[in-house]
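Spelled out, the chains give:
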Amino acid sequence: MTTKTKKAGAATLPLNQILDGDCIERMNALPANSIDLIFADPPYNLQLKGDLHRPDNSKVDAVDNDWDQFDSFRVYDNFTRDWLAAARRILKPNGAIWVIGSYHNVFRMGAELQNQGYWILNDVVWRKSNPMPNFRGKRFTNAHETLIWASKEEASKYTFNYEALKALNEGVQMRSDWVLPICTGHERLKDDNGEKAHPTQKPESLLHRVLVATTNPGDVILDPFFGTGTTGAVAKMLGREFIGIEREEAYRKVAEKRIAKVRKFDKEALSVSTSKRAQPRVPFGQLVERGMLRPGETLTSPRGKIAKIRADGTLVSHDVKGSIHQVGAALEGAPSCNGWTYWHLKKDGKTVPIDILRQQIRAEMEERPN
C-alpha cells in the first residue's frame, strides 16, 4: 500500500496506513488538531444470550466475537468515554465525527458525545433495504442502524456539501433517512475459508455518502475501528487520505489486500456540485483593475437601463452612484438586485451578462497550483 506522511505542526501523520494496536493509545499518540473527520463503527455490545437459530434450526452467524464482549454497561461506558475523548483531541477545530450504532449502544454514545462538548448536527437513520429477519418472532425486525454526525464544538465551521448531496438525490434535498442495502454478494469480503471476513462489514455506499457529504478531496479521515477497511477503500477512491486503527491482525490483512486493489478517481471525477457561496469571491472592481472592463464603458440592463463604469469599480447612472447591485436595485425600484446577472456588455457582437467575466477569473483561480 502506498504510504506518505503529512505535516501536522512539528509532527507527521501516518497517512494511508493501518495502525496495529489499541485505538485509544494510537489516537493519543497522534498530534492534536490534525484530523478532518472521524468515522467510528465501535463494538455495539450486543449482549447476545446464547446461539440464535433460524426456523429450520440452522445457526445464525451472529456477532459473538471477543471484541464485542463487555462485562457491564459501566465498562462499556468507560470505554466509550475514553475513545471519544481521544478522538476529540485529534480533531481539527472545524472537524467532525460520525458514529454508527444500534439500539444497544447508540444512545449511550449520543449522551457521551454531548457530555464531552461535541455538538450534534444530525442523527441519520440507515434503513436497510434487505435486513436480517427476526427469527424468534418476539420483536420487530431490526431493520435500521443510527448514525450520529457531530462537530467538535458548537462554533465549528464543519464541512457540508449540501449541493453535492442534493445532486446525488436527483435534485431533491437529502433527508436524514437513508435506504441502502447491507453488504451481500460481491461486496461481502470472505476469508481463506470462504467465511465472512467481518461480521459487521459496512457497505461502501454508506461511506460514499458520508464522505461526499462531509469531506473534501485531500482531507484526512481517521477510522479507529477499521475492520476490513471500508472507510479506507472509499476514502482512497474519493481522493481523501485515511488512517486506520485495527487491533485484529486478520482484519488488517483483509483490509490491506482490499485497499491495494482500489484505484483513485481522476481529478475531474472527484469534483462535486458546490453552492455559489462556496465559490471564490471576485469583486467587480477586479474586472476593472485587470482591464477586462474599462472606466467609462457602459453597461446595459435587459430593460434598457444604462450605467457607466467608474475607476473605483462603482457605477453611475444619472444621479445614482454605487455598486453594481446598488445601482441596479435603485433603477428598478427593487429592494435588492444581483448586479452580476442584471448588467450586460457587448462581447463578440452579442450582449452577455458580466458574470461571464467573473466566471473566467474563478476558472483561473481553480487552475492555480496549491
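First, a word on scope: everything that follows refers to the structure included in this document.

Parameters and conventions
- Residues numbered from 1 in each chain as written.
- Predicted model: local features only at pLDDT ≥ 70, side-chain atom pairs only at ≥ 80, totals over all residues.
- Heavy atoms only, no water.
- Patch = residues over 30% accessible without salt bridge, like charges linked within 9 Å, V, L, I, M, F, W, Y side chains within 5 Å.
- Areas by Shrake-Rupley, 256 points an atom, 1.4 Å probe, with all protein chains shown as cover.
- Salt bridge = Lys/Arg side-chain N within 4 Å of Asp/Glu carboxyl O.
- Helix = DSSP H or I, 4+ residues; strand = E, 2+ residues; numbered from the N terminus.
- Buried < 20%, exposed > 50% of the residue type's maximum accessible area, 1.4 Å probe, protein only.
- Pairing = 2+ DSSP bridges.
- Axes fitted to C-alpha atoms, helices over the stretch in contact; angles between N-to-C directions.
- Contact = heavy atoms within 4.5 Å.

Bringing a nonpolar patch on the surface into the picture now. A cluster of nonpolar side chains, contributed by Tyr158, Phe160 and Tyr162, occupies part of the molecular surface with about 270 Å² of accessible area. You can see Tyr162 is positioned in helix H4 (residues 162–168).

On to the pattern of salt bridges. Applying the stated criterion to the full structure yields 13 salt bridges. Asp36 is the partner of Lys92 in a salt bridge, and the nearest nitrogen-oxygen pair spans 3.0 Å. Residue Lys92 is located in strand S5 (residues 91–101), and its partner Asp36 is located in strand S4 (residues 35–40); the two are separated by 56 residues in the primary sequence. Judged by relative accessible area, which is 27%, Lys92 ranks as partly exposed. You can call Asp36 buried: its relative accessible area is 17%. When the shortest N-O distance is used, the salt bridge between Asp41 and Lys202 registers 2.9 Å. Linking Asp41 in the loop between S4 and helix H2 (73–90) with Lys202 in the loop between strand S8 (177–180) and helix H5 (204–214), this pair joins segments that are 161 residues apart in sequence.

So, about H5. Taking burial as the measure, the eleven residues of H5 include eight buried ones, the bulk of the element. When H5 is considered as a whole, its buried residues turn out to be Leu206, Leu207, Arg209, Val210, Leu211, Val212, Ala213 and Thr214.

Across the two faces of strand S12 (residues 306–309) the burial differs, with Ala307 and Ile309 buried and Ile306 and Lys308 not buried at all. Relative to S12, strand S11 (residues 298–300) is paired through three bridges, and the arrangement is antiparallel. If you follow Thr298 over to S12, its bridge partner there is Lys308. In sequence, S11 turns back onto S12 through a hairpin of five residues, with Gly304 there showing a positive phi of about 90 degrees. In the sheet, S12 pairs with strand S13 (residues 315–317) via two bridges, with the strands oriented antiparallel. Across the sheet, Lys308 pairs through a bridge with Val316, a residue of S13. What sits between S12 and S13 in their antiparallel hairpin is a turn of five residues, with Gly313 showing a positive phi close to 85 degrees.

This part covers the sheet that holds S5. A sheet is described by the order of its strands in space; here eight strands give the open sequence S3-S10-S9-S4-S5-S7-S6-S8, paired in mixed fashion. Pairing within the sheet leaves two strands with one partner each, and these edge strands are strand S3 (17–19) and S8. Within this sheet the neighbouring strands show an average axis-to-axis angle of 20 degrees, counted without direction. Strand direction decides the pairing type here: S3 and strand S10 (residues 241–245), joined by three bridges, are parallel. In the sheet register, Leu19 faces S10, and the bridge partner there is Ile245. Helix-sheet contacts for H5 involve S4, S5, strand S6 (119–128), strand S7 (144–151), S8 and strand S9 (220–223), and the interaxial angle to S8 is about 140 degrees.

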